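Reading the structure
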Amino acid sequence: MNKYQHLFSPIKIGTVEVPNRIALLPMGVFSSRMMNNDGSYTKDGADYYIERAKGGTGLIITGLVPVPKGAGLPSIVNDVKSYTENMKYLADGVHKYGSKVFVMLTAMSGRASIHPTDPAPSSMPNVWDPSKNNPEMSIEDIHQYIEWFAQGAKAAKDAGIDGVEIHAVHEGYLLDQFTIAAWNKRNDEYGGSLENRLRFPCEIVKAIKKACGEDFPVSVRYSVVSKTKDFNRGALPGEEYQEFGRDYEESEKVAKMLEEAGYDMLDCDNGSYDAWYWPHPPVYMPKACNLEDVERVKQWVNIPVICGGRFDDPELAEKEIAAGKIDMMGMGRPLLADPDLANKFKEGREDDIRPCISCHFGCLARIFQVDMKTMSSKDISCALNPRCGMENHYNITKADVIKKVAVVGGGIAGMEAARVAALRGHSIDLYEKTDRLGGVFNEASAFDFKDDDRRLLAWYKKQIKDAGVNVKFNTEFKVEDKANYDVVFVATGASEKRLDNIPGFDQPNVRYAVDVLDKQDIKDQNVVIIGGGLTGCELAYDLARKNKKVSVVEALPTIMNVEGLAAPNYNMLVELMEYYHVDLYKNATVKEYKDGKLMIDVITTNEPNINNRARMMSLFGVHHTSKAIEADTVVVSVGYKSNQTLYDSIKGENVYLLGDAIQPGNLMTAIWGAYTTALKI
């Protein structure tokens, strides 16, 4: 029985009725494999959205589609006729499952563009390169953009799309920059007073209604408050600060003006490009981080209000909707990890939901990377779900020949290979030499802010049990066991690198990251972490907020040198370390640990104070030629070394190496490699 009666009740947006209160929030889909030059979606792109409708999501809001013509961007106005024809497949596919679909239209980025030549409301520093200013947009261009928005909306309507969402009075993009006084320094009718600053988005909705009819729904993506302290400086949760952008007092006025102008819904979160970890909340951000602010919006307006931002708890959503505090539950990344999430909510199968872990590796980070084959953005996807964006390419199908398969190692890669191979019908024995599954992911998920990582471990354990995998705990795979199997997957993981050659590192208070994460038992005051990678920095943040005096020593000139690490995750962790007064020593070599002091040599540099987004983290830390750091405990976190001993003993035909045993990487490389390999046998 469905226990979420309010969450699964219908709602009207304008004249369009949506079957439930769950919305897929817009995320960028830019790759040439998924989006055509006219801004429409290819079959693969459309199937990505249709899969979420099939999974029970009531409202699909697509990623942004540019309206500006030219500049090498996909745009509806590049070819309105082809756009209309191509989008019928998406509209029909979503409607087949009873869901509704809105297309997001965007004026693009202004000062948030990677191109400092793109126009902004006023001449102001570019987000990515503050040494350059974006130029001021002309009134003629503003009027042209308004016309393009109307043309784009009409083309979407003609294709059978149910509504459009305007991007954005949100996240510090172009329209948001117009609305905020800190960014808009114009002295014409589009600057100055709040009414003037709201003129651009208000004229857009009026133009769309004129072109499409008053009954055609128009939503707007809306940042309640900017959570911004200054150019390129966000405000952390709970931090006291003076708002640089839109504050609560102005937000109430803006929300009411947008409703009065004709918008039919507010799709809400918080933040700006200067506080990018609010609209794209990393694992360090609290769950439902925007809910309290979105509840305010619901009190200000009479149109539906969506809340997004690490909001994936159906019980909380049910409670909020029942109380009239919000109207819809908005999710982005959770629906990438599990497209059937809504149906599983309704069926009471929460334990079968693959959780999003807020890592951004497969989604946000990828769309900013270039596919060297197509020279376009990479496909949007998910670190945990290789099928995301490849819905009709990487399906799990029954094997032609059933095989007996051994999986050696019960870490994430091993469990993924076992899960997929079992679902294909193979007989699976999983050898795990300890008494628990998960490998080092058990320790990696030990932080109290990584509850979703622990949910992922629980999900894997349930899935391999349900798939009939035979787990052999406390059992080592022997070379002679190979003869009993048709296929062997070797997922023996990796071991921590050690620093045994450094004088003094044989003392008991020199420990290693996995042990510290496992035991969670550091009581000493002064802690020095050797290694400024992601694990080392997360340890530093965790210990510092527990009132430890923490220093990080990194041999390289930069920290968190992790391939695919997204800017919101990087920026927030950097700012959290700064907030909790973590000392950072870069270009530093550890010489000796003696008498409670760690001796290091630091290469003195003239490195400038470069923007976080250049990933050069020079905002804090003191550089000296030499330094003695108080260290009651030293924690070593300098990476991993692959375990390939077993593989080297049995390698040959039908023996596959997986995960960190190939090369230490992240969760995405482990899962994707295991998934695709298991599809081949």
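Below, the structure is looked at part by part. (Residues numbered from 1 in each chain as written. Predicted model: local features only at pLDDT ≥ 70, side-chain atom pairs only at ≥ 80, totals over all residues. Heavy atoms only, no water.)

**With respect to the pattern of salt bridges**
The final tally for this structure, using the stated rule, is 46 salt bridges. Between aspartate 542 and arginine 545 there is a salt bridge; the shortest N-O distance is 3.0 Å. Classification of aspartate 542 as buried rests on a relative accessible area of 2%. What makes arginine 545 partly exposed here is its relative accessible area of 25%. Across the pair aspartate 542 and lysine 546 runs a salt bridge, and its minimum N-O distance is 3.0 Å. We classify lysine 546 as partly exposed; its relative accessible area is 37%. (Salt bridge = Lys/Arg side-chain N within 4 Å of Asp/Glu carboxyl O. Buried < 20%, exposed > 50% of the residue type's maximum accessible area, 1.4 Å probe, protein only.)

**Quick word on the side chain of aspartate 162**
Following the sequence through the fold, aspartate 162 ends up in the loop between helix 3 (139-158) and strand 8 (163-169). Engagement of the side chain of aspartate 162 in a polar contact is seen with the side chain of histidine 95, the distance being 2.7 Å. Among the polar contacts listed, one links the side chain of aspartate 162 to the backbone nitrogen of valine 101, at a separation of 2.8 Å. Excluding residues that lie within four positions of it along the chain, aspartate 162 makes contacts with Val16, His95, Lys100, Val101, Phe102, Phe216 and Pro217. (Helix = DSSP H or I, 4+ residues; strand = E, 2+ residues; numbered from the N terminus. Polar contact = N/O pair within 3.5 Å; in protein donor to acceptor, adjacent residues only side chain to side chain. Contact = heavy atoms within 4.5 Å.)

**Overview of empty space enclosed by the protein**
On inspection of all chains with the given rule, the structure shows 2 cavities of 30 Å³ or more. As a volume, the largest cavity reaches approximately 90 Å³. Every residue lining the largest cavity is counted, 13 residues in all, and those nearest its centre are Cys356, Cys359, Cys363, Cys382 and Ala383. Grouping the constituent residues of the lining of the largest cavity by class yields 9 nonpolar, 3 polar and 1 charged. (1 Å grid on protein atoms, 1.4 Å probe; cavity = no way out; pocket = protein on both sides within 12 Å on 5 of 7 lines; lining within 4 Å. Points joined across faces, edges and corners; volume = space filled by probe spheres on them. Nonpolar A, V, L, I, M, F, W, Y, C, P; charged D, E, K, R; others polar.)

**Notes on the pairing of strand 9 (residues 218-223)**
Within a regular beta strand, the side chains point alternately toward one face of the sheet and then the other, so they alternate between its two faces. Within strand 9, 6 of the 6 residues are buried, which leaves it mostly tucked inside the rest of the structure. In this structure, strand 9 lies alongside strand 12 (residues 265-269), joined through 5 bridges in parallel fashion. Of the residues in strand 12, the one forming a bridge with valine 220 is leucine 266. (Pairing = 2+ DSSP bridges.)

Interpretation in functional terms is not warranted from these geometric data alone.
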